[in-house]
Amino acid sequence: MSVRKPSWEQLARAARPVAARAEPVPPADWTAAVAAKAMAGASLGKPSLWTVVAAWASSPKVGLPLLALLLAGGMWLGPRYLGNGPSAEQRSSLWAEATLRQLKAWHPMECEEAGAIGRLLQRRASELTTTTNAAAVLDSMRDEIGRLLTPPERAAFESEQARLRARWFPAAKGMTP
Amino acid sequence: MTACLERVRAGDNAAARDLVDALAPLVGKIVGAHLPWRLSADDLRQEIFMKVFARLDQYAGVVPFEHWVARVALNTCRDHQRGEQRSREVRWTDLGEQEAAVLESIAHETAAPDATEGIAARELAERLLATLSPDDRLVVTMLDLEQRTAAEVRELTGWSITGIRVRAFRARRKLRKQMEQLQEGPRP
């Protein structure tokens, strides 16, 4: 005689005769009542509007163009109702950061504390860190920075500034720093 | 069955009664095997028939009608099981006297269990199955208690054979763990 601990398999085996037992057949009046109730609630022969729409929309000829239309609509409506990504303040900061990265790439020494750009940045640092519109501060510093650059650098700087401005504050969307 | 369905679709009440009569054993068996706790079998059977009739226009005739009805019935049971609060584990102190006794007796593997033991074993199995997710519970009930094959389960649920086997393997592992915890836990 085994004295092992019972396993799930043994329990399932013992429970099977009951599991296999069929439910008693329901009485005839129950059957009739359920049939009548079910017939009253059934939409026989006339599929519901949703069934028709679902069948129509799930066909490849309709479903795929419909999906494309929904996606296009979502892409058009999304920015209008869910916002335009970063706020004006965040875009300003991103513009300022990009400008400083550019200046540091050109004149790493000048951008250090002792350098001309570094000193200029330090002078305006409090403005740059406390403003909600870093781009406007940078805009006002452009002439000062420009004077520190050679003519070709100045042209490249202006061009890069125009690109950054168009990126973060596109005129087409009526955005201004 | 096809002729009967056509008559039901045409609004024939007598055909509807015949259909309910013909399907009652099948629906009854599924309800009996997958009846969620605290739900009357009659209510559930009635709900299943209401759904079958309401969705009759969705039956495309791709699978046998009985399989389609069985799937509606299983899904209805599963929906109710999803709404149930699942018990996390079964403890020795939760067991009734007969459930505890049946656990002791099946360990000794003596004679086949009598009717009372069978019912107690079924109740204990139900308790353990209630710790599983509705899908795991469905697969293990069909494979281990109803002794259906994986192919039959696939026909009734629409799941893949591999998915069914993997689910059964994991579910049985959980049940074994539950059985171990139950026997190792404190006893009164």
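Residues numbered from 1 in each chain as written. Chains lettered and ligands numbered in written order. Predicted model: local features only at pLDDT ≥ 70, side-chain atom pairs only at ≥ 80, totals over all residues. Heavy atoms only, no water.

Notes on the overall build of chain B
The condition that has to hold: We count a stretch as a helix when DSSP gives it H or I for four or more residues in a row; a strand needs E for two or more, and each element gets its number in order from the N terminus. Burial classification: accessible surface area is computed with a 1.4 Å probe over protein chains only, and a residue below 20% of its type maximum counts as buried, one above 50% as exposed, and the rest as partly exposed. Contacts between residues were defined by any pair of non-hydrogen atoms, one from each residue, lying within 4.5 Å. Calculation of accessible area relied on Shrake-Rupley with a 1.4 Å probe; when residues are assessed, cover is drawn exclusively from the protein chains displayed.
Along chain B, the regular secondary structure elements total 9 helices and 0 strands. Each of the 188 residues in chain B was classed as buried or not, and the buried ones make up 46%. Partitioning the contacts of chain B with sequence separation of at least 6, the portion at a separation of at least 24 is 64%. As displayed, chain B has an accessible area near 9,400 Å², and 48% of this comes from carbon and sulfur atoms.

Re empty space enclosed by the protein
All names here are of chain B. What counts is decided by this rule: Detection works on a 1 Å grid of protein atoms alone, calling trapped sets that fit a 1.4 Å probe cavities and calling open sets with protein on both sides within 12 Å along at least five of seven lines pockets, with lining residues defined by an atom within 4 Å of a point. Grid points are joined across faces, edges and corners, and a volume is the space filled by probe spheres set on the points.
The full count for this structure, using the stated rule, is 1 cavity of 30 Å³ or more. There is about 40 Å³ of room inside the largest cavity. Taken together, Ala-33, His-34, Leu-35, Gln-81, Arg-122, Glu-126, Leu-129, Arg-137 and Thr-141 make up the full set of residues lining the largest cavity. Looking at the lining of the largest cavity, the elements that each hand over two or more residues are helix H2 (13-34), helix H6 (115-129) and helix H7 (134-145).

A short note on the environment of A:Ala156
With respect to the secondary-structure elements, A:Ala156 resides in helix H10 (residues 151-168). Those residues in contact with A:Ala156 that lie beyond four places of it in its chain are A:Gln102 and A:Trp106.

Considering the interface of chain A and chain B
As a reminder of what qualifies: Buried area counts how much accessible surface, traced with a 1.4 Å probe, disappears from two parts once they are put together, with both parts' losses summed. Salt-bridge detection follows one rule: a side-chain nitrogen of Lys or Arg within 4 Å of a carboxyl oxygen of Asp or Glu. Ten residue types, Ala, Val, Leu, Ile, Met, Phe, Trp, Tyr, Cys and Pro, are classed as nonpolar, four, Asp, Glu, Lys and Arg, as charged, and the remainder, Gly among them, as polar.
Taken together, the contact between chain A and chain B spans 34 residues of the former and 49 residues of the latter. Regarding the contact of chain A and chain B, the summed buried area is about 3,800 Å², with carbon and sulfur atoms giving 67% of it. Remark: the boundary between chain A and chain B carries 1 salt bridge. The salt bridge involving A:Glu9 is made with B:Arg176; its shortest N-O contact spans 2.8 Å. Partitioned by chemical class, the residues of the side of chain A that touches chain B number 21 nonpolar, 7 polar and 6 charged.

Some details on the packing of aromatic side chains
The line we're drawing: Under the pairing criterion, centres of Phe, Tyr and Trp rings, with the six-membered ring standing for Trp, must be within 6.5 Å; the plane angle then separates stacked pairs below 30 degrees from edge-to-face pairs above 60, leaving the rest tilted. To sit over a ring, a charge needs its Lys NZ or Arg CZ within 6 Å of the ring centre and within 35 degrees of the ring normal.
This model, assessed by the stated rule, comprises 4 aromatic pairs over all chains. With 5.6 Å between their ring centres and 25° between their planes, B:Phe65 and B:Trp68 make a pair best called stacked. A residue pair is termed a helical-turn pair when its members lie 3 or 4 positions apart in one helix, as B:Phe65 and B:Trp68 do in helix H4 (residues 65-83) at 3 residues. B:Trp68 sits in the buried class, given a relative accessible area of 15%. Each residue in the set B:Tyr59, B:Phe65 and B:Trp68 is aromatic and connected to the rest through ring pairs, giving one cluster. When the ring centre of A:Trp30 is taken as origin, the NZ or CZ atom of B:Arg45, which lies over that ring, is 5.2 Å away.

A word on H10(A)
For an α-helix, 3.6 residues make a turn, and residues three or four places apart therefore share a direction. Residues and elements named next belong to chain A. Put simply, the test is: Helix span is expected to be 1.5 Å times the residue number reduced by one. Picture the helix axis, draw a direction to every C-beta atom, and the arc is the one those directions span.
For H10, built from 18 residues, the straight-helix expectation of 26 Å at 1.5 Å per residue is met to within 8% by its first-to-last C-alpha distance of 26 Å. Where H10 is concerned, the buried positions are Glu-153, Phe-157, Gln-161, Leu-164 and Trp-168. Here the buried residues of H10 occupy an arc of 75° about the axis, which is enough to place them on one side. Opposite the buried face of H10, by more than 90 degrees, sit the exposed residues Pro-151 and Pro-152.

Here we look at unusual backbone geometry
Positive phi, close to 55°, is recorded for B:Gln147, a residue that is not glycine. Take B:Gln147: it is sitting in the loop between H7 and helix H8 (150-157).

Quick look at the side chain of B:Thr131
Cut-off, in case you're wondering: Two N or O atoms count as a polar contact when they lie within 3.5 Å, although within protein this holds only if one can serve as hydrogen donor and the other as acceptor, and sequence-adjacent residues are included solely when both atoms are side-chain atoms.
Here B:Thr131 is to be found in the loop between H6 and H7. There is a polar contact of 2.5 Å between the side chain of B:Thr131 and the backbone oxygen of B:Leu128.

Describing the pattern of salt bridges
All told, the structure shown has 14 salt bridges over all chains when counted by the stated rule. Note that A:Glu160 is salt-bridged to A:Arg163, the shortest N-O span being 2.9 Å. In this pair, A:Glu160 and A:Arg163 both sit in helix H10, 3 residues apart, roughly one turn of the helix. With a closest N to O distance of 4.0 Å, B:Asp18 and B:Arg7 form a salt bridge. Taken as a pair, B:Asp18 in helix H2 and B:Arg7 in helix H1 (residues 2-9) lie far apart in primary sequence, 11 residues in all. One salt-bridge network, in which partners are shared between bridges, spans B:Arg7, B:Asp12 and B:Asp18.

Observations regarding the nonpolar core
Selection criterion: Working definition of a nonpolar core: buried Ala, Val, Leu, Ile, Met, Phe, Trp, Tyr and Cys residues. They are joined through side-chain atoms within 4.5 Å. Boundaries of every domain are those given by an automatic assignment or by a domain database.
In this structure, B:Val8, B:Leu19, B:Phe49, B:Val52, B:Phe53, B:Phe65 and B:Trp68 are the most contacted members of the largest nonpolar core, which totals 42 residues. Where this core is concerned, the elements lending two or more residues are helix H2 (28-41) of chain A together with H1, H2, helix H3 (41-54), H4, H7, H8 and helix H9 (161-184) of chain B. Counting contributing residues per domain, this core is built from domain 1 (2-83) and domain 2 (92-184) of chain B, each supplying no fewer than three. When residues no more than four places from it in sequence are discounted, the contact partners of B:Phe65 are B:Met1, B:Leu5, B:Leu19, B:Leu23, B:Val52, B:Leu56 and B:Tyr59. Counting residues in hydrophobic clusters, the runner-up holds 25 residues, among them A:Leu11, B:Ala100, B:Ala121 and B:Ala125.

Quick notes on H9(B)
Helix length check: H9(B), at 24 residues, gives a terminal C-alpha distance of 34 Å against a target of 34 Å (1.5 Å per residue), a fit within 8%. All buried positions along H9(B) are accounted for by B:Ile161, B:Ile164, B:Ala168, B:Ala171, B:Leu175, B:Gln178, B:Met179, B:Leu182 and B:Gln183.

Details of the environment of B:Gly83
Residue and element names in this part refer to chain B. The topology assignment puts Gly-83 in helix H4. With a relative accessible area of 68%, Gly-83 lands in the exposed category. For the pair Gly-83 and Pro-36, spaced 47 residues apart in the sequence, the C-alpha separation amounts to 9.5 Å.

By themselves, these are just geometric observations and shouldn't be taken as functional.
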